[in-house]
Amino acid sequence: MTTVKAYAAPSATDPLIPTTIERRDVGAQDVLIKIDYAGICHSDIHTVRGEWGPQQYPLTVGHEIVGIVEEVGAEVTRHAVGDRVGVGCMVNSCGECANCTEGEEQYCLKGNVGTYGAEDRDGTITQGGYSTHIVVVEDFVLSVPESIPYEASAPLLCAGITTYSPLNHWNAGPGKKVAVVGLGGLGHMAVKIAHAMGAEVTVLSQSLSKKEDGKRFGATGYYATSDPETFEKLAMNFDLIINTVSAKIDLDAYLSLLCLNGTMVNVGAPADALPLHVFTLFNQRRSFAGSGIGGIRETQEMLDFCAEHGISPEVEVISADAINEAYERVLSSDVRYRFVIDTSTLA
């Protein structure tokens, strides 16, 4: 075991504090990564505060990780010392079930191993990227193209793939009208990616305060959902709606914006149930779906797509001692659009 510096939550109610955690020795198929940047995801906050279930504390979170390979195991072939790499929301899976063999490890039938707060194959609890180093089996390490701004590449490992995957699966592209609900960390990436895919993109936000940003990211339409006329104007207008908000919304109202055979996909994860009337689905043969992250193959595809199209998240880089303040700012929507921790400040 190697001891490394980190920030951790000591409980569900206490602020995160500087600490040390242990990383396993590098095995034959492992990669040791010196972490340079780690994104802050709303999932981190939900997890450390116990909102998605009880946790084992102290817990180091963070699943948007980029860094440089410092050491590789004897059997590693995909990565070499000095490579720029990334780690996303999972660090292992069974590798044998039908979903894993199809490259959909995120839907591993035995359950994938999350980057933090999950039981790893050796029985330990995984610890995430708010730290200086991490050891990950090579199959779950991504190559980060040099053309993506380094400090902005970390959020692609969650926010990027979480929005790319449903846009890719439901064929966003030329001739398709896509609406993105919410223009936050997930939403701004959904707009950029859908636009790059060739779709006509509209943002549906509570207010028009971010309208100029939305247009700059590629949206051609921007509407305030607080205005009841929005739902009348846009009725039966969209082929695909990506809902990125993690709060209760009126599903029936949003579903009514779908045209024939349209689909609304939830990628936001509200703690409360979202009720709907099935008659809203019957009308226009609409669908309501959910989507998690992508598999490793699709995540690499997303990174390469973003490099090809010059896409990167809008980030605010912070030092480790600002993490707790950043959490409060995330909760009050005071960030445009993703916080990224400079992990050199942990040293």
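The notes below deal with the structure included here. Since the structure is predicted, the reported quantities are computational estimates derived from the model, not experimental observations.

### Looking at helix α10 (residues 296-309)
At step 1: Between its first and last C-alpha atoms α10 spans 20 Å; for 14 residues at 1.5 Å apiece the expected length is 20 Å, and the two agree.
At step 2: The inward-facing, buried residues of α10 abut β6 (90-92), β9 (142-143), α4 (159-169) and α5 (185-197).
At step 3: Count one or two residues on from α10 and you reach glycine 310, which has phi positive near 65 degrees.

### So, the pairing of strand β11 (residues 200-205)
The side chains of a regular strand alternate, first on one face of the sheet and then on the other.
At step 1: Of all 6 residues in β11, 5 are buried, a share of seventy percent or more.
At step 2: For the crossover from strand β10 (residues 177-181) across α5 to β11, the handedness is right-handed.
At step 3: By the bridge criterion, 4 bridges tie β11 to strand β12 (residues 221-224) in an arrangement that is parallel. Note on β12: the bridge partner recorded for threonine 202 is glycine 221.
At step 4: Handedness of the crossover is the feature at issue here: the chain leaves β11, passes through helix α6 (residues 211-217), returns alongside β12, and the resulting connection is right-handed.

### Describing the sheet that holds β11
At step 1: Spatial strand order, β12-β11-β10-β13-β14-β15: 6 strands in an open sheet with parallel pairing. Of all strands in the sheet, those bounded by a partner on one side alone are β12 and β15 (287-290). Put simply, the sheet's adjacent strands are angled 20 degrees from each other on average, direction ignored.
At step 2: Of the strand pairs in this sheet, strand β14 (residues 258-266) and β15 are connected by 4 bridges, and their pairing is parallel. Bridging across to β15, valine 265 finds its partner in alanine 289.

What counts as what
Residues numbered from 1 in each chain as written. Predicted model: local features only at pLDDT ≥ 70, side-chain atom pairs only at ≥ 80, totals over all residues. Heavy atoms only, no water. Helix = DSSP H or I, 4+ residues; strand = E, 2+ residues; numbered from the N terminus. Expected span 1.5 Å × (residues − 1). Contact = heavy atoms within 4.5 Å. Buried < 20%, exposed > 50% of the residue type's maximum accessible area, 1.4 Å probe, protein only. Right-handed = clockwise from strand over helix to strand, strands pointing away. Pairing = 2+ DSSP bridges. Axes fitted to C-alpha atoms, helices over the stretch in contact; angles between N-to-C directions.

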